[in-house]
Amino acid sequence: MSSKSPKSGAKSAEQQEKTLDLSALRRTPGFMLRLAQLKFFEGFYEEFAALGLTPATYAIFAVIRDNPGVPPSNLASLLRLRLPNLIKILNELESSGFIKRNRSKADRRAVELMLTPKGAKLIAEGARLTEPYNRKMLAPLSEAEQRTLLDLLNRMLPL
């Protein structure tokens, strides 16, 4: 490998990034929301890795915890997951002992999702990490700005 240093006129990749004009992208809500999502997901994987939770499995556990008996089709729709992809995740969660599927008493064709005690314990451990994690991720914003951000997101994305 050559020990030559780069030409004095050549800019490093880091220097080039700092001089790029990103003003158009900074005014693009979709782009900025995507970067925010990536930042939150990267932080989530770091904070929740010890529990083995991903953003998707955390959301699945939380919805089932708060809505015992939710049908898989409703869960898929809410989380914007294709039903076959959700079923694959649910199969893994069931074989690991975190959830169980029950036949609906009202409609024997329908399936309802429930947490097992093991699943309830896992989401409780995850929930304990959630507030400190969100506080850390939203630290650049004041408490009022954090509330405003959530209010605006909830207006844009009614669930």
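Conventions and cut-offs
- Residues numbered from 1 in each chain as written.
- Predicted model: local features only at pLDDT ≥ 70, side-chain atom pairs only at ≥ 80, totals over all residues.
- Heavy atoms only, no water.
- Helix = DSSP H or I, 4+ residues; strand = E, 2+ residues; numbered from the N terminus.
- Buried < 20%, exposed > 50% of the residue type's maximum accessible area, 1.4 Å probe, protein only.
- Contact = heavy atoms within 4.5 Å.
- Patch = residues over 30% accessible without salt bridge, like charges linked within 9 Å, V, L, I, M, F, W, Y side chains within 5 Å.
- Areas by Shrake-Rupley, 256 points an atom, 1.4 Å probe, with all protein chains shown as cover.
- Salt bridge = Lys/Arg side-chain N within 4 Å of Asp/Glu carboxyl O.
- Polar contact = N/O pair within 3.5 Å; in protein donor to acceptor, adjacent residues only side chain to side chain.
- Expected span 1.5 Å × (residues − 1).
- Bend = angle between axes of the 7 residues up to and from the residue.

**A short note on the overall build of the protein chain**
Then, number 1: Scanning the protein chain for helices and strands turns up 8 helices and 2 strands.
Then, number 2: Walking the protein chain from its N terminus toward its C terminus, one meets helices and strands in the order α-α-α-α-α-α-β-β-α-α.
Then, number 3: By the burial criterion, 22% of the 159 residues in the protein chain qualify as buried.
Then, number 4: At a minimum sequence separation of 6, the contacts of the protein chain that also span at least 24 residues come to 46%.

**Observations concerning a nonpolar patch on the surface**
Then, number 1: Together, L20, L22, L25, F31, M32, L35 and L38 make up an exposed nonpolar region whose accessible area comes to about 550 Å².
Then, number 2: For the nonpolar patch, the leading source of residues is helix α3 (residues 29–48), giving 4 residues.

**Description of the side chain of T57**
Then, number 1: By the element assignment, T57 lies in helix α4 (residues 55–66).
Then, number 2: A polar side-chain atom of T57 sits 2.8 Å from the main-chain amide nitrogen of T54.
Then, number 3: Excluding anything up to four places from it in sequence, T57 contacts G52, I89 and L93.

**With respect to helix α7 (residues 117–137)**
Then, number 1: In this model, α7 (21 residues) spans 30 Å end to end at C-alpha, consistent with the 30 Å of a helix rising 1.5 Å per residue.
Then, number 2: By the largest-angle criterion, T130 marks the main kink of α7, which is about 30°, and a proline, P132, follows within four residues.
Then, number 3: All buried positions along α7 are accounted for by G119, L122, I123, G126, T130, Y133 and M137.
Then, number 4: The secondary structure elements touched by the buried residues of α7 are α3, α4 and β2 (111–115).

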